[in-house]
Amino acid sequence: MNEMIPPAGDRAAALKGLGSSRKRVEDVRFTQGKGAYVDDIKLKDMVFGDFVRSPYAHARVVSVNKEAALAVPGVIAVLTAEDLAPLGLHWMPTLAGDRQMVLADGKVLYQGQEVAFVVAENRYACADAIELVEVDYEALPVVTDPFKALEPDAPVLREDLAGKTEGAHGPRRHHNHIFLWEQGDRAATEAVIDGADVVAEERIHYHRTHPCPLETCGCVASMDKITGKLTLWGTFQAPHAVRTVASLISGIAEHNIRVISPDIGGGFGNKVGVYPGYVCSIVASIVTGRPVKWVEDRMDNLMTTAFARDYWMDGRIAATKDGRITGLWCHVTADHGGFDACADPTKFPAGFFNICTGSYDIPVAYVGVDGVYTNKAPGGVAYRCSFRVTEAAYFIERMVDILAIKLGMDPVELRLKNFIRKDQFPYHSALGWEYDSGDYHTAMEQALAAVDYKGLRAEQAERLEAFKRGESRSLMGVGVAFFTEIVGAGPVKNCDILGLGMFDSCEIRIHPTGSAIARLGTISQGQGHATTFAQILASEIGIPADDITVEEGDTDTAPYGLGTYGSRSTPVAGAATAMAGRKIRAKAQMIAAYLLEVHDDDVEFDVDRFQIKGAPERFKTMKEIAFAAYNQAIPGLEPGLEAVSYYDPPNMTYPFGAYICVMDVDVDTGVCDVRRVYALDDCGTRINPMIIEGQVHGGLTEALAIAMGQEIAYDEDGNVTTGTLMDFFIPTAVETPHYETDHTVTPSPHHPIGAKGVGESPNVGGVPMFSNAVMDAFKPFGLTHAHMPHDHWRVWRIANGLGLHG
Amino acid sequence: MIPGSFDYHRPATVQEAARLVASLGEDARVVAGGHSLIPMMKLRMAAPAHLIDLQGVEGLAGIAVSGGEVRIGAMTTQHMLIEDAALAQAAPLVREAALQIADPQVRYMGTIGGNLANGDPGNDMPGLMQCLDAAFTLVGPEGARQVRAREFYFGAYDTARAEDEILSEIAFSGHAGAGYAYEKQKRKIGDYATAAAAVLLRMEGGRCAAASVAMTNLADRPIFSQAAADALVGSPLDAAALDAAVAAMQGDIAPGADTRGPVEFKRHVAGVMLRRAVARAASRA
Ligand SMILES: Cc1cc2nc3c(=O)[nH]c(=O)nc-3n(C[C@H](O)[C@H](O)[C@H](O)COP(=O)(O)OP(=O)(O)OC[C@H]3O[C@@H](n4cnc5c(N)ncnc54)[C@H](O)[C@@H]3O)c2cc1C
């Protein structure tokens, strides 16, 4: 009998649970072009909406004449702010506690701003009519520079805030000022810096860029006038939050709103916010009684829906002569554009930027962030990062390199000297966080050995000599970055968005024949949730991952949750999944004990079954237990096998990693050839190594893009100069280097399965790695810092400025 | 990204196409591969009322090489230019340049005729044809005429082609035995040139006996630089000659600033591209 039981290892492998490189179940449909995205939705009588957008960055809207547009065959309506005003919908709240115009109310604040919404029978009529809406603009002076925006005589951008000295995040000291957010001990930090042996000082700009998901933003709104029910399909990273906000804005009761996020083609933070397109589509559907579809084109997406970064970070870092960091000071001028539409937890108007002490044991620190209005598009979202963590990581990883130059130390040596030691965890940072776990020295040493760091430095020195002898025109740069993230927002005690607590949820139903469905409050946009959450559950409840359906994104069926961004799905919803699984298991244990006619405590869980302790040949599989749960009368137990868990995490998780790359920089053309990239990630327990690798590849490629060329640039008049994919850099396979991935495993002590989240790490760590490599190449010629992006002409300009063109 | 409305025509012969162009007038445009025109229409920077599709016209696509002379039909795709063995033999410069245009998807659709007739200074083929001293055949209501590539381009989107003419064929002499190179700097695959240089040269007894130099995307039209070629001819292609050629070329180009960079950067890269093209061409001569 005993021999007939397959070994536990084989049974565990059959589950494809934690640690299995299970193939992504989503890919069957995606690789065959069978995904169902918002733009694939076609409803009976559906009409289309699209925007008339402002060509000006700052102008008064004197008049809007709809007549010619309304005469176009197929045009149903042209909505302006005047039409929305009676409903109170010409403005809407932003997630950051500000308000934003839905349609231009008297003026426009950035190029591409929504001025009128045209509704027509088809897209073509819509596009024709847009050209015929006559808008009379009166141009106003434009401010695209946040420093100039704060000058006393700068143009007033937000006339609606006139006289308001108090904003959502405290006092406003200027008409274009949004908030000042301060953390840490300013006086103590300044005292340390004033008395320090060595201080490095630099202004570091993390330029404005854009998440640019493959699929742009869009929605279909359908108001059923008979049932009074509104259904809204959309590219939403947080469908439940959208439902609640839609209910609060529109006054439609929340049970009468159903929000559905179908397949989403990437989000990266761009699809967290609430956009005028959603509001206008809903209104248009209510007005016309027909479903209304709105889908952005690429230019709309790049120019108007949420950008990322645009942080000017003034830093000072102090150290002893022998390289012990003693203090860190930072002031950020944060360009938020025309409205403050960041999607940060409410109490964190600069997100988790105060993680900027990074991986280092820095005794004292101060951060102040000034939010500023300019004539640029709103946003400031977390582009594949957890709320300004990329900005923070870029800041500290540049500052440490700059300090190393000042100290005449190797940047790796300086890092090793200042890392938080393993025995210091849980570690309380000077800026208020409790790092849950880490082992930085081990990770860094492993990385150094893998790339032969000493060998690279020797090669670099040789190449430099060859360059100086005139034998070569290329310089070698070695870029090192060691990042610590803070993800998994977050504990409800300090994390909410517009008052909505940032817990997440999972609801599990086991079917009588032993398969299951799990529904979550998150929504995958390519992360592979249907694959990985089934794996978590498989290991928890002993049902094969292949037998578990994971469903997300429909607010009528999924439990309430705050969605997917900020690497929060695994830390929060993943934890909820494990906890719900444990509830299932607890009930299964009682059922098994009953079936085996022993006491509850006499059975133990073993991979896919409960067995009698000491008598493993007597067992009940989870399949058998599931059937009994439904079909056998068990005294004292309700029928069924279901569980739900709402998980409020006790802390954030703190993934970390050591990244190193090698680059050859052609000083004559500015072309940088990335010849090696090594990325070691520690994301705690690894659920699916293949998916982790895929996430790291994707994030590194985005990081490469950002560091080397991707930007949303404006000219002096506030025109976007990078509004198409010809100018907005997205690497192709040709520009994408080969990646070597590696890992260490330091489980999170407070997460039920020890997982920390990984999707965003490579973007966070990759940008400083690539940027540091460019700076490193020019270091021998006296360069300490140059702003990103490092596209050809800017790299050429560095070389030119250093006199390398003879 | 939605074009205005238009009528679609699909003629079967060049004559029929020419008649349509003539009769429909200003509002009509021919479409070849559509990979320059259709993006412009989607941006509504072009809004033709009539599109005359050349895909159905017989005999406009194809490559003929005979006796060292090359004739290419206007509807020949960039992909076909890359694949054709006889062309690669007779004029390998064309293949080298075509491989640097856009990406494979675009090259399956984009045609040499469209690339040349378009008149966008970013296109690579016009510079190349200056370098090769090609001749274009234009078919209009009055019949056919020939225009030299070097006399075809006046400015951005401004060419010698009359509105009622169709470019039917491109002819040039092969350059077997000559050194050749097309050097192009771009930001990524699918991007137009930051600067590009096309170079042909012949060497005799260690000296440059003949040279042809053309530059792409460095003015409002392709630049054929006779002065740069003159600076090379007679020299052993030493540093002095290269410096002189670059200086001469700088006198002919007039780049503008754009997202690829400011003027001084483009001028610098133009020089680097020319130097590299000459060096590579010399290594093949
Ligand atoms: C992403 C992308 C990247 C690109 N990168 C490059 C690049 O690096 N280098 C480059 O050179 N090009 C590039 N292109 C342009 C591409 O090569 C086009 O295919 C080419 O410029 C035009 O050829 P077509 O056949 O597509 O012409 P179409 O777009 O059909 O036509 C272009 C113009 O020429 C006219 N025309 C076409 N054929 C004729 C004819 N026989 N007689 C008279 N008029 C005619 C049309 O009326 C139109 O005005 C790129 C295009 C894209 C979409």
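Fair warning: this is a prediction, and the values are worked out from it, not measured in the lab.

Calculation rules
Residues numbered from 1 in each chain as written. Chains lettered and ligands numbered in written order. Predicted model: local features only at pLDDT ≥ 70, side-chain atom pairs only at ≥ 80, totals over all residues. Heavy atoms only, no water. Helix = DSSP H or I, 4+ residues; strand = E, 2+ residues; numbered from the N terminus. Salt bridge = Lys/Arg side-chain N within 4 Å of Asp/Glu carboxyl O. Buried < 20%, exposed > 50% of the residue type's maximum accessible area, 1.4 Å probe, protein only. Polar contact = N/O pair within 3.5 Å; in protein donor to acceptor, adjacent residues only side chain to side chain. Domains from an automatic or database assignment. Contact = heavy atoms within 4.5 Å. Buried area = accessible area lost by both parts, 1.4 Å probe.

Enquirer: How should I be thinking about unusual backbone geometry in this particular structure?
Expert: Across the chain, the bulk of peptide bonds are trans and the bulk of non-glycine residues have phi less than zero. Residue and element names in this part refer to chain A. In this structure, proline 426 follows phenylalanine 425 across a cis peptide bond, with omega equal to -5°. Tracing the backbone shows proline 426 in the loop between α12 (411-418) and β21 (427-428). For the bond from methionine 788 to proline 789, the omega torsion is -10°, close enough to zero to count as cis. Among the structural elements, proline 789 can be located in the loop between α19 (761-778) and α20 (792-801).

Enquirer: Please clarify how the pattern of salt bridges should be interpreted in this entry.
Expert: A side chain with one charge can pair with a side chain of the opposite charge if their charged atoms come near. All chains considered together, the criterion is met by 79 salt bridges over all chains. Across the pair aspartate 606 of chain A and arginine 11 of chain A runs a salt bridge, and its minimum N-O distance is 2.6 Å. Pair noted here: aspartate 606 of chain A is in strand β29 (residues 603-606) and arginine 11 of chain A is in helix α1 (residues 8-15), with a separation of 595 residues, a long-range link. In this structure, aspartate 606 of chain A and arginine 11 of chain A share a single accessibility class: buried. Here arginine 290 of chain A and glutamate 121 of chain A are joined by a salt bridge, their closest N and O atoms 2.9 Å apart. Taken together, the residues span a long stretch of sequence, with arginine 290 of chain A in the loop between α9 (276-288) and β16 (292-295) and glutamate 121 of chain A in the loop between β7 (114-120) and α5 (123-132) at a distance of 169 residues. Exposure remark for arginine 290 of chain A: the relative accessible area of 21% places this residue in the partly exposed category. Because the salt bridges share partners, they merge into one network encompassing Asp727 of chain A together with Arg187, Asp191, Asp258, Arg260 and Lys266 of chain B.

Enquirer: Explain the side chain of asparagine 217 of chain B here, please?
Expert: Here asparagine 217 of chain B lies in the loop between β13 (207-216) and β14 (223-224). A distance of 2.7 Å separates the side chain of asparagine 217 of chain B from the backbone oxygen of alanine 193 of chain B, its partner in a polar contact.

Enquirer: Explain the domain arrangement of chain A to me, please; I cannot follow it from the model alone.
Expert: Residues and elements named next belong to chain A. Here the domain parsing of chain A yields domain 1 (2-35 + 504-647), domain 2 (38-140 + 216-264 + 271-304) and domain 3 (308-489 + 652-801). Here the C-alpha centre of domain 3 lies 38 Å away from the C-alpha centre of domain 1. Taken together, the contact pairs 29 residues of domain 1 with 25 residues of domain 3. In total, domain 1 and domain 3 occlude about 1,800 Å² of area from one another, counting both sides; carbon and sulfur atoms represent 63% of this. Scanning the region where domain 1 abuts domain 3 turns up zero salt bridges. Summed over the shared surface of domain 1 and domain 3, the number is 15 residue pairs in polar contact (both at pLDDT 80 or more).

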